[in-house]
Amino acid sequence: MRLYNTLTRRKEEFAPLEKNHIRMYHCGPTVYDHAHIGNFRAFVFADILRRYFEFRGYRVTQVMNITDVGHMTTDADEGEDKLEVAAKRQRKDPYSIARFYEASFFEDVDALRIRRAHHYPRATEHIPEMIALIEKLLKKGYAYKAADGVYFDVTKFEGYGKLSGNTVERLMAGARVAVNPNKRNPYDFALWKFDPKHLMQWDAPWGRGFPGWHIECSAMSVKYLGETFDIHTGGEDGIFPHHECEIAQSEAATGKPFVRFWLHVRFLLVDGQKMSKSLGNFYTVKDILKKGYSGRVLRYVLMSTHYRKNLNFTFEGLDAAKAAIERMENFVLSMQDVAGASDDPAVDEALKKAEKDFVEAMDDDIEISAALAAVFEMIRAVNRASPSQKQAQRAIRLMHRFDEVLAVLDVERKKEVPEEVLELVRRRQEARKAKDYATADAIREQVRKLGYLIEDTPKGPRVKPLSD
Ligand code: AMP
Ligand code: ZN
């Protein structure tokens, strides 16, 4: 399997460090507000990776942090803590803000059928680990204490810039940052900040304060995954400074390589611009659900463009996703009705080809659009052929196997139409037979109000839930 590694800027053959066990870390939400669907593009990608590795038979340990302190309103060290801004605005304490939006995040995770990670460490519950890491950096001479905090001296770590290309020399040659006179070098970053006004503070050997944003990911990933682990993901905005700083801190402290593969998800765009809180051009998962789309339709949109391409979000995209899922489900439903006894070799061929193409596409840096194309190609080929019942059952099993990764089907729920609705459908059929179309239409409307749609097919009426 090959994955594009931001660190080496090319696709590389991937195998886990530990046999059959993949250890992954994903930058998680900063819980000061509902996550928007751009954030969820990154989280759904993490889930696709997890599910695909499991599909391939690997054991996966997956960690996603919950940032509940230290993420400033700018990606640099300046500005205010996002949690504090929200707390002041809502006149609540930052912990209740954090817990509220964390709960909202998990609702969205479930709506999007994301498998729960094995650990969701909260930054505020790992302060001792961060303090220990900072102490190590101070002792080794990579960090220093200044008047307003403890900083990492970027000139001391030789590899600074290897992920993003932003080496100290290049940074110094480029645009100047606002110089904080407390720092030795303008690009040094905060490990710990002193701020008597901050609402969340902890005692540390060098003074009371709160941790920087980068140090939390270093401390928590190493705690749950070890000093060197396989994969770290995040959105493309994480490359610099966040991930560059994570590498510097972790490798300076342990003297070992930190992460083997760095995978970055390109932005979800709206009208060609990054979807973000600060631009105000965002939708939350809940906004989309309120408009009548199901979580799995949104999931389909978020996952179906290759993660290293920008995804332009549109409502037409959601409608197309809904139609695509329906095509898959209708295929499974129609296969359930197949009763033929004789095999058609074209079906065997179609199934074999689909499985091979799906795996090949996913093995090639998670080329999910090609993997989905393989699924639809199979549907077309089987629909053109005449499968036996046995072959139809195999086709159903294969669709469910693909769905272990895709997680968009809901065929069972579709089959379970309530008796009340079925009774109305029967009465409508009688009315139609008696050419009483007014009654037939009234019943159709009654069924619609119950959340179901009647489709008249040559084989008779078919009932579908309206909601998805
Ligand atoms: P945050 O809650 O700001 O810490 O971000 C959580 C994750 O979402 C990070 O990995 C970001 O890089 C990612 N992210 C933020 N905006 C977008 C976007 N428009 N498209 C894709 N990923 C994003
Ligand atoms: Zn992070």
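Reading guide: rules and limits
- Residues numbered from 1 in each chain as written.
- Chains lettered and ligands numbered in written order.
- Predicted model: local features only at pLDDT ≥ 70, side-chain atom pairs only at ≥ 80, totals over all residues.
- Heavy atoms only, no water.
- Axes fitted to C-alpha atoms, helices over the stretch in contact; angles between N-to-C directions.
- Helix = DSSP H or I, 4+ residues; strand = E, 2+ residues; numbered from the N terminus.
- Parallel < 35°, antiparallel > 145°, perpendicular 65-115°, else oblique.
- Left-handed = near helix turned anticlockwise from the far one by under 90°.
- Contact = heavy atoms within 4.5 Å.
- Nonpolar A, V, L, I, M, F, W, Y, C, P; charged D, E, K, R; others polar.
- Pairing = 2+ DSSP bridges.
- Donors = N, O, S within 2.8 Å, 3.2 Å for Na, K, Ca; no water.
- Buried < 20%, exposed > 50% of the residue type's maximum accessible area, 1.4 Å probe, protein only.

Describing the packing of helix H4 (residues 127-139) against helix H7 (residues 239-254)
Running from amino to carboxyl end, H4 crosses H7 at an angle of 70 degrees, the nearest separation of the two axes being 9 Å. If you check the angle between H4 and H7, you find them roughly perpendicular. Judged by the sense of rotation from one axis to the other, the crossing of H4 with H7 is left-handed. Facing Leu133, Lys136 and Leu137 of H4, the residues of H7 in contact are Gln249, Ala252 and Ala253. Its residues assigned to classes, the contact of H4 with H7 comprises four nonpolar, one polar and one charged.

Describing the sheet that holds strand S3 (residues 21-26)
Strand order in this open sheet of four strands is S4-S3-S9-S10, and the pairing throughout is parallel. Each edge of the open sheet is held by one strand with a lone partner, namely strand S4 (59-64) and strand S10 (259-265). Averaged over all neighbouring strand pairs, the angle between strand axes comes to 20 degrees, with direction disregarded. Where S3 lies against strand S9 (residues 229-235), three bridges are found, and the strand directions are parallel. Considered in S9, the bridge of Tyr25 is made with His232. Together, S3, S4 and S9 form the strand contacts of helix H6 (residues 213-225), whose direction differs from that of S3 by roughly 160 degrees.

Some remarks on the coordination of the zinc ion (ligand 2)
Coordination of the zinc ion (ligand 2) by the protein comes from Cys27 (SG), Cys217 (SG) and His242 (NE2), over a distance range of 2.1 to 2.2 Å. The exposure class assigned to Cys27 is buried, which follows from its relative accessible area of 17%. Residue classification places His242 among the buried positions, given a relative accessible area of 1%.

Some remarks on the environment of Ala324
For Ala324, the position within the fold is in helix H10 (residues 315-336). Residue Ala324 is classed as buried on the basis of its relative accessible area of 4%. Once the C-alpha coordinates of Ala324 and Arg308 are considered, the two residues, 16 residues apart in sequence, prove to be 22 Å apart. Every residue in contact with Ala324, bar those within four places of it in the chain, is listed here: Tyr300 and Phe376.

Some remarks on the pairing of S10
Among the seven residues of S10, six are classified as buried, and the element is accordingly described as predominantly covered. With six bridges connecting them, S9 and S10 associate as parallel partners. Each bridged residue has a counterpart across the sheet, and for His232 the counterpart in S10 is Trp262.

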